[in-house]
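Descriptive structure summary
Spelled out from the first residue to the last, the chains are:
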Amino acid sequence: MGQWVGQKIKRTEDPRLVTGTSHYLDDLWLPGLAHAMIVRSLYAHARILSLDTSRALEAPGVLTVLTGNDLEGKIGSVPCAAALPDLKVPHHPVLATGKVRYVGEPVAVVVASDRYAARDAMDLIEVEYEPLDPVIDPEESIQPGAPVLHDRWDNNTAFVFKYDHGDVEKAFSSADKTIRQRIVNQRLIPCAMEPRGVLAQYAPGERLLTLWSSTQIPHLLKTQVAVMLGFPENRLRVITPEVGGGFGSK
């Protein structure tokens, strides 16, 4: 170990990156490749009153348009990777049905022969919302009378976790000095130059599904996609090309 401490060590990935011979997700291309664009909610909390995709379906180059109702019973809920005692895990559909619960929640997907046709067709989808009171402040959201996001429960508290070790009261009472301080951190979201992306190919002869994804967790992605699709995990392959930034968000 000592021979490496303080030494300059070349990164093995640098030659392909600096020479431009590496591959990011958008560099990949498959025969018959179709493109998907996602219509997302403009509201933090709202009921979906109507969703009309008829004009988009007739647009040039459009192969299909999918909504949450089309996927009912076909794709399972997005899994929750956390496991805590008494954790409330709501049903999280791939495409919203009935209500949207955050800005940007997917409500429809347009699949077209190229990305430009898909993008144009997105503007033809008509969604009528009934805005509801949003949940913005985490402390206010757990107070009585706060708007409830998931109708299955009567409050927004996901879980209560208590950690108690040793004689806490004695430790405070015998301390020379105790300090109480409230710290509020700003909202933070990693923002990479490369957005999220997925390329998928299904080979029916081999019953093999291959996903290329700009992800930092290929193994967990493989497991969770298999659960959502009800697909054998040993018939699912996940490949991660170069990732153009992630910082924990991918």
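Scroll up to find the structure this text is about.
Values in this document were obtained by computation on a predicted structure and should not be read as measured data.

Our next topic: the overall build of the protein. Check the secondary structure of the protein and you find six helices and nine strands. Relative to the 2.2 N^0.38 estimate, which gives 18 Å for 250 residues, the radius of gyration of the protein is 23 Å and therefore markedly larger than a compact globule would have. Based on the C-alpha atoms only, the size of the protein along its principal axes is roughly 75 × 65 × 35 Å. Of all intrachain contacts in the protein linking residues separated by at least 6 positions in sequence, the fraction that spans at least 24 positions is 72%. In the form shown here, the protein has an accessible surface area of approximately 18300 Å², with 55% of it arising from carbon and sulfur atoms. Each charge class in the protein can be summarised by its mean position, and for the 26 positive and 30 negative side chains these summaries are 7 Å apart.

What follows covers the sheet that holds strand β1 (residues 35-40). Read from one edge of the open sheet, three strands run β1-β5-β3, paired in antiparallel fashion. Edge positions in the sheet fall to β1 and β3 (62-67), since each of these pairs with one other strand and no more. When the angles between neighbouring strand axes are averaged without regard to direction, this sheet yields 20 degrees. Inspection of the sheet shows β1 paired to strand β5 (residues 106-112) by six bridges, in the antiparallel sense. When the sheet's bridge partners are listed, I38 is paired in β5 with V109. Sitting on the sheet, helix α4 (residues 115-122) touches β1, β3 and β5, and the angle it makes with β1 is about 20 degrees.

Further remarks concern the pattern of salt bridges. Opposite charge on two side chains permits them to pair, given that their charged atoms come into close proximity. Overall, the coordinates contain ten salt bridges when judged by the stated rule. With a closest N to O distance of 3.2 Å, R55 and E126 form a salt bridge. Taken together, the residues span a long stretch of sequence, with R55 in helix α2 (residues 54-57) and E126 in strand β6 (residues 126-131) at a distance of 71 residues. Note on E126: relative accessible area 39%, which makes it partly exposed.

Taking burial as the measure, the seven residues of β5 include seven buried ones, the bulk of the element. Relative to β5, β3 is paired through five bridges, and the arrangement is antiparallel. Of the residues in β5, the one forming a bridge with L66 is V109.

Taken together, the side chains of L84, F159, F161 and Y163 present a nonpolar region at the surface, about 470 Å² in accessible area. Tracing the backbone shows Y163 in the loop between β6 and α5 (168-173).

Generally speaking, a soluble globular protein has its nonpolar side chains buried in company with each other. Counting residues in each nonpolar core, the largest one holds 19 residues, and the members touching the most others are V62, V100, V107, V110 and I125. Sorting the residues of this core by element identifies β2 (46-52), β3, β5 and α4 as the ones contributing at least two each. In this structure, V62 is in contact with A56, L57, V110, V111, A112 and A121, ignoring residues within four places of it in sequence. Counting seven residues, the second-largest nonpolar core is a separate cluster that includes L209, V225, F231 and V238.

Basis of the calculations
Residues numbered from 1 in each chain as written. Predicted model: local features only at pLDDT ≥ 70, side-chain atom pairs only at ≥ 80, totals over all residues. Heavy atoms only, no water. Helix = DSSP H or I, 4+ residues; strand = E, 2+ residues; numbered from the N terminus. Rg over C-alpha atoms; globule rule 2.2 N^0.38 Å. Contact = heavy atoms within 4.5 Å. Areas by Shrake-Rupley, 256 points an atom, 1.4 Å probe, with all protein chains shown as cover. Lys, Arg positive; Asp, Glu negative; His and termini not counted. Charge placed at Lys NZ, Arg CZ, Asp CG, Glu CD. Pairing = 2+ DSSP bridges. Axes fitted to C-alpha atoms, helices over the stretch in contact; angles between N-to-C directions. Salt bridge = Lys/Arg side-chain N within 4 Å of Asp/Glu carboxyl O. Buried < 20%, exposed > 50% of the residue type's maximum accessible area, 1.4 Å probe, protein only. Patch = residues over 30% accessible without salt bridge, like charges linked within 9 Å, V, L, I, M, F, W, Y side chains within 5 Å. Core = buried A, V, L, I, M, F, W, Y, C linked by side-chain atoms within 4.5 Å.

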